[in-house]
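Observations on the model geometry
These are the residues of each chain, in order.
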Amino acid sequence: GAWAVLEYQVFYRRRYAEDAFASCRDVRLPATGGYAISTMCGLYGARLCTAQRWLDFQGDKNNGLAPLQIDFLLLPDGAEPG
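The protein chain carries the name NPCL1 protein in an unreviewed UniProt entry, which gives Hylia prasina as its organism.

Rendered as structure tokens:
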């Protein structure tokens with residue numbers, strides 16, 4: 001039989017995830033004037049979005065965008081996976 005990747009895990013340091021989220025949080029869509037993050041955080045919208053919720057939505061195979069399930073695991077700064 002053939003093998004295929006259906007899901008994988010990504011390990012991010014918490015500081016990296018928080019910084020990436022912060023760089024996107026205040027971006028506005030010119031067409032609507034709303035925050036871009038509101039469409040990238042699922043049910044939480046821009047107001048309740050966090051770095052973990054943002055990544056969880058990006059990796060959710062049920063969001064219509066992710067090609068497969070991606071689980072983002074945030075590690076304390078300086079920690080290594082495993």
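After that view of the structure, there is still more to cover.
Looking at where Gln-69 falls in the secondary structure, it is placed in strand β2 (residues 69-75). Only 3.3 Å separates the side chain of Gln-69 from the side chain of Asp-71, close enough to count as a polar contact. Those residues in contact with Gln-69 that lie beyond four places of it in its chain are Leu-6, Glu-7, Tyr-8, Gly-59, Asp-60 and Lys-61.

Right, let's get into the UniProt feature "domain: Niemann-Pick C1 N-terminal" (unreviewed entry) in the protein chain. Under the UniProt annotation, "domain: Niemann-Pick C1 N-terminal" (unreviewed entry) lies at residues 4-74. Structurally, residues 4-74 is divided into 34% helix and 18% strand, and its ends, taken at the C-alpha atoms, are 25 Å apart.

Our next topic: the pattern of salt bridges. This structure, assessed with the given rule, holds two salt bridges. A salt bridge links Glu-80 to Arg-13; its shortest N-O distance comes to 2.6 Å. Remark: Arg-13 occurs in strand β1 (residues 7-13) and Glu-80 occurs in the segment after β2; sequence separation between them is 67 residues. What makes Arg-13 partly exposed here is its relative accessible area of 35%.

Moving on: the nonpolar core. By size, the foremost hydrophobic cluster in this structure holds twelve residues: Val-10, Ala-17, Phe-21, Ile-37, Cys-41, Cys-49, Ala-51, Trp-54, Leu-55, Ile-70, Phe-72 and Leu-74. Residue contacts for Ile-70: discarding those within four places in its chain leaves Tyr-8, Val-10 and Gly-59.

What counts, and at which threshold
Residues numbered from 1 in each chain as written. Predicted model: local features only at pLDDT ≥ 70, side-chain atom pairs only at ≥ 80, totals over all residues. Heavy atoms only, no water. Helix = DSSP H or I, 4+ residues; strand = E, 2+ residues; numbered from the N terminus. Polar contact = N/O pair within 3.5 Å; in protein donor to acceptor, adjacent residues only side chain to side chain. Contact = heavy atoms within 4.5 Å. UniProt positions renumbered as here; feature names shortened; annotations may be inferred. Salt bridge = Lys/Arg side-chain N within 4 Å of Asp/Glu carboxyl O. Buried < 20%, exposed > 50% of the residue type's maximum accessible area, 1.4 Å probe, protein only. Core = buried A, V, L, I, M, F, W, Y, C linked by side-chain atoms within 4.5 Å.

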